[in-house]
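Chains, contacts and geometry: an overview
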Amino acid sequence: MSEPAEGRCDLAPPPGRCATVLAAAFAREPAMTWISGGSDRVRQAWFTTTLRTHAALPGARRVLLADRHGRPVAAAVLTPPAATPSGAARAAWAARTLAGCGPRALLRTMRYLHAAEAETPPAAWTLEFIGVEPAAAGRGVGGRFLDRLLATTPAPGGVFLTTAAEANVRLYHRFGFTALRRLTTGPLEVTAMWRPDASERTRLDTSG
């Protein structure tokens, strides 16, 4: 595969295109493996349903990175501060998830969301997902993509995320995230992390 280009970001891709990239990227991610039971079909259906619901949120962001041939190599999904689906949207998402993924996936997702949402700082953006196609992994694409997202997301309240992969905790530390709390959800050890905006990081560095 050719080296991915760095400058080709689609800022309004269809949810389905991002879902396909993320389903591949999260094939071995601990939380998604727990939710999907390791099923490729369930994982694809879960991302398709979840991103469809997310796309209806005001201000929601999806970013798709393509190589110079137009092939998607990475995707990310971000939620603006305090943006949550309506009760009707949540009910529709639950019904579609139940039908497409089964009761186990639905219940485990709700357990994960309940734990994660309780830790979200009220003024922060949430980086819901970021992933790289397996064929493009190991080339620094994910790090460069994350750096670009952080630089272009107006987030005076910072950026929040959760991860169940210990290797990701070390990665996010390098990008200025700090661990807020460790959560236990089912068999998962989940780390809630937050990255203050540039002015707040400068203040913290100065005061420290």
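So, how was this worked out
- Residues numbered from 1 in each chain as written.
- Predicted model: local features only at pLDDT ≥ 70, side-chain atom pairs only at ≥ 80, totals over all residues.
- Heavy atoms only, no water.
- Axes fitted to C-alpha atoms, helices over the stretch in contact; angles between N-to-C directions.
- Helix = DSSP H or I, 4+ residues; strand = E, 2+ residues; numbered from the N terminus.
- Left-handed = near helix turned anticlockwise from the far one by under 90°.
- Contact = heavy atoms within 4.5 Å.
- Nonpolar A, V, L, I, M, F, W, Y, C, P; charged D, E, K, R; others polar.
- Expected span 1.5 Å × (residues − 1).
- Polar contact = N/O pair within 3.5 Å; in protein donor to acceptor, adjacent residues only side chain to side chain.
- Salt bridge = Lys/Arg side-chain N within 4 Å of Asp/Glu carboxyl O.
- 1 Å grid on protein atoms, 1.4 Å probe; cavity = no way out; pocket = protein on both sides within 12 Å on 5 of 7 lines; lining within 4 Å.
- Points joined across faces, edges and corners; volume = space filled by probe spheres on them.
- Parallel < 35°, antiparallel > 145°, perpendicular 65-115°, else oblique.
- Phe/Tyr/Trp six-rings, centres within 6.5 Å; stacked < 30°, edge-to-face > 60°.
- Buried < 20%, exposed > 50% of the residue type's maximum accessible area, 1.4 Å probe, protein only.

A look at the packing of helix 1 (residues 15-25) against helix 3 (residues 40-54)
Direction vectors running N to C along helix 1 and helix 3 enclose 140 degrees, while the axes themselves pass 8 Å from each other. Helix 3 is crossed by helix 1, and the crossing has right-handed handedness. Along its contact with helix 1, which presents Pro15, Cys18, Ala19, Thr20, Leu22 and Ala23, the element helix 3 presents Arg43, Gln44, Phe47, Thr48, Leu51 and Arg52. A per-class count over the contact of helix 1 with helix 3 returns seven nonpolar, three polar and two charged.

Digging into helix 3
With 15 residues, helix 3 should reach 21 Å at 1.5 Å per residue; the first-to-last C-alpha distance of 21 Å fits that figure. In this structure serine 39 caps helix 3, since a side-chain oxygen of it lies 3.3 Å from the backbone nitrogen of arginine 41.

A closer look at the pattern of salt bridges
Scanning the model with the defined rule gives five salt bridges in all. Notably, a salt bridge pairs aspartate 40 with arginine 43, separated by 2.7 Å at the nearest N-O pair. Here aspartate 40 pairs with arginine 43, and both are found in helix 3, just three residues apart, close to one helical turn. In this structure, glutamate 119 engages arginine 181 in a salt bridge whose closest nitrogen and oxygen atoms are separated by 2.8 Å. In this pair, glutamate 119 is assigned in the loop between helix 5 (103-117) and strand 4 (125-132) and arginine 181 in strand 6 (residues 178-185), connecting sequence segments 62 residues apart.

Quick notes on the environment of glutamate 166
In this fold, glutamate 166 is placed in helix 7 (residues 166-174). Measuring from C-alpha to C-alpha, the distance between glutamate 166 and threonine 191 comes to 8.2 Å, with 25 residues separating the pair along the chain. A polar contact is formed between the side chain of glutamate 166 and the side chain of arginine 182, at a distance of 3.0 Å.

Points about the layout of surface pockets
Computed from the structure, the second largest pocket encloses a volume of approximately 160 Å³. Lining the second largest pocket, in full, are Cys9, Leu11, Arg61, Arg62, Val63, Phe145, Arg148, Leu149, Thr152 and Thr153. Elements that contribute at least two residues to the lining of the second largest pocket include exactly strand 2 (61-66) and helix 6 (141-152). If you tally residues by element for the lining of the second largest pocket, the top one is helix 6, at four residues. Tallied by class, the residues present in the lining of the second largest pocket amount to five nonpolar, two polar and three charged.

Points about the packing of helix 3 against helix 4 (residues 87-101)
Packing of helix 3 against helix 4 leaves a shortest axis separation of 9 Å and a crossing angle of 165 degrees. The angle between helix 3 and helix 4 places the two elements in the roughly antiparallel class. Of the two possible hands of crossing, helix 3 and helix 4 adopt the one that is right-handed. Contact residues: Arg41, Val42, Ala45, Trp46, Thr49, Thr50, Arg52 and Thr53 in helix 3; Ala89, Trp93, Arg96, Thr97, Gly100 and Cys101 in helix 4. Tallied by class, the residues present in the contact of helix 3 with helix 4 amount to six nonpolar, five polar and three charged.

Some thoughts on the side chain of threonine 153
Inspection of the secondary structure puts threonine 153 in the loop between helix 6 and strand 5 (159-163). When neighbours within four sequence positions are excluded, threonine 153 is seen to be in contact with Arg61, Leu78 and Trp125.

Looking at the packing of aromatic side chains
Counted according to the given criterion, the structure contains six aromatic pairs. Where phenylalanine 47 meets phenylalanine 129, the ring centres are 5.2 Å apart and the plane angle is 70 degrees; that geometry is what we call edge-to-face. Of the two residues, phenylalanine 47 is situated in helix 3 and phenylalanine 129 in strand 4; the sequence distance between them amounts to 82 residues. Accessibility assignment for this pair places phenylalanine 47 and phenylalanine 129 in one class, buried. Feature note: the residues Phe26, Trp46, Phe47 and Phe129 constitute an aromatic cluster, connected by ring pairs.

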